[in-house]
Amino acid sequence: DLLVVVDVQNDFCAGGALATATGHAIVPVINKVARHFDNVVLTQDWHPRGHVSFASSHEGKQPFDTVEMPYGTQVLWPDHVVQGTPGAEFHPDLDIPHAQLVIRKGYLPHVDSYSAFRMVDGQTMTGLAGYARERNIERIFVTGIATDYCVSGLAMDAHALGFKTL
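Residues numbered from 1 in each chain as written. Predicted model: local features only at pLDDT ≥ 70, side-chain atom pairs only at ≥ 80, totals over all residues. Heavy atoms only, no water.

Could you clarify how one ought to interpret the nonpolar core in this entry?
The nonpolar side chains of soluble globular proteins are, as a tendency, buried together. In this structure, Val5, Ile96, Phe117, Leu128, Ile140, Leu154 and Phe163 are the most contacted members of the largest nonpolar core, which totals 42 residues. For this core, the secondary-structure elements that each account for two or more residues are strand E1 (2–6), helix H1 (27–34), strand E2 (40–45), helix H2 (128–134), strand E6 (139–144) and helix H3 (147–160). Of the residues forming this core, the biggest block, five residues, is contributed by E1. When residues no more than four places from it in sequence are discounted, the contact partners of Leu154 are Val4, Val6, Thr43, Ser115, Ala116, Phe117, Leu128 and Val142. Among the nonpolar cores identified, the runner-up in size contains five residues, and Val52, Val67, Met69 and Leu76 belong to it. (Core = buried A, V, L, I, M, F, W, Y, C linked by side-chain atoms within 4.5 Å. Buried < 20%, exposed > 50% of the residue type's maximum accessible area, 1.4 Å probe, protein only. Helix = DSSP H or I, 4+ residues; strand = E, 2+ residues; numbered from the N terminus. Contact = heavy atoms within 4.5 Å.)

Given below as structure tokens:
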């Protein structure tokens, strides 16, 4: 079994650039659940400045507008989880010292990523599937913040890649 903890970062919590109102409330629950897993991976959204998903990168566009990209429709977001900023750091109460791996995603300037398995172009893999297979993982449990995008994207990709996904 593998627990994947998705994007528990400051910018997705109260006061962050792309906050979910109660994102921080799940942190103690995640900490408690993680203690029951030997294998834990953390994902970290990790955008460079000027990322294609930022509304500020498209003249005349506002957050939550959309644009067409070679890989499909891209929702435009406020600038968030910019590499090296406090907003990109993990929530300070996240306490999973036995996590073995951090998978960063969204780091390519011209393609977004919701899933920690592959970028939205459907081609660029992160290495998470190989890691899981090399460790003989059969079941992947998913938790985290932004269930409508990143958590669900990872869960759908895990299933599509042949893992039993919970």
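How do you make sense of the side chain of Gln44 when you look at a structure like this?
Tracing the sequence through the fold places Gln44 in strand E2. Here Arg104 takes part through its side chain, which lies 2.9 Å from a polar atom of the side chain of Gln44. What Gln44 contacts, discounting residues up to four positions off in sequence, is Asp7, Gln9, Ala88, Glu89, Phe90, Val102, Ile103, Arg104 and Lys105. (Polar contact = N/O pair within 3.5 Å; in protein donor to acceptor, adjacent residues only side chain to side chain.)

Just distances and angles here, no functional claims.
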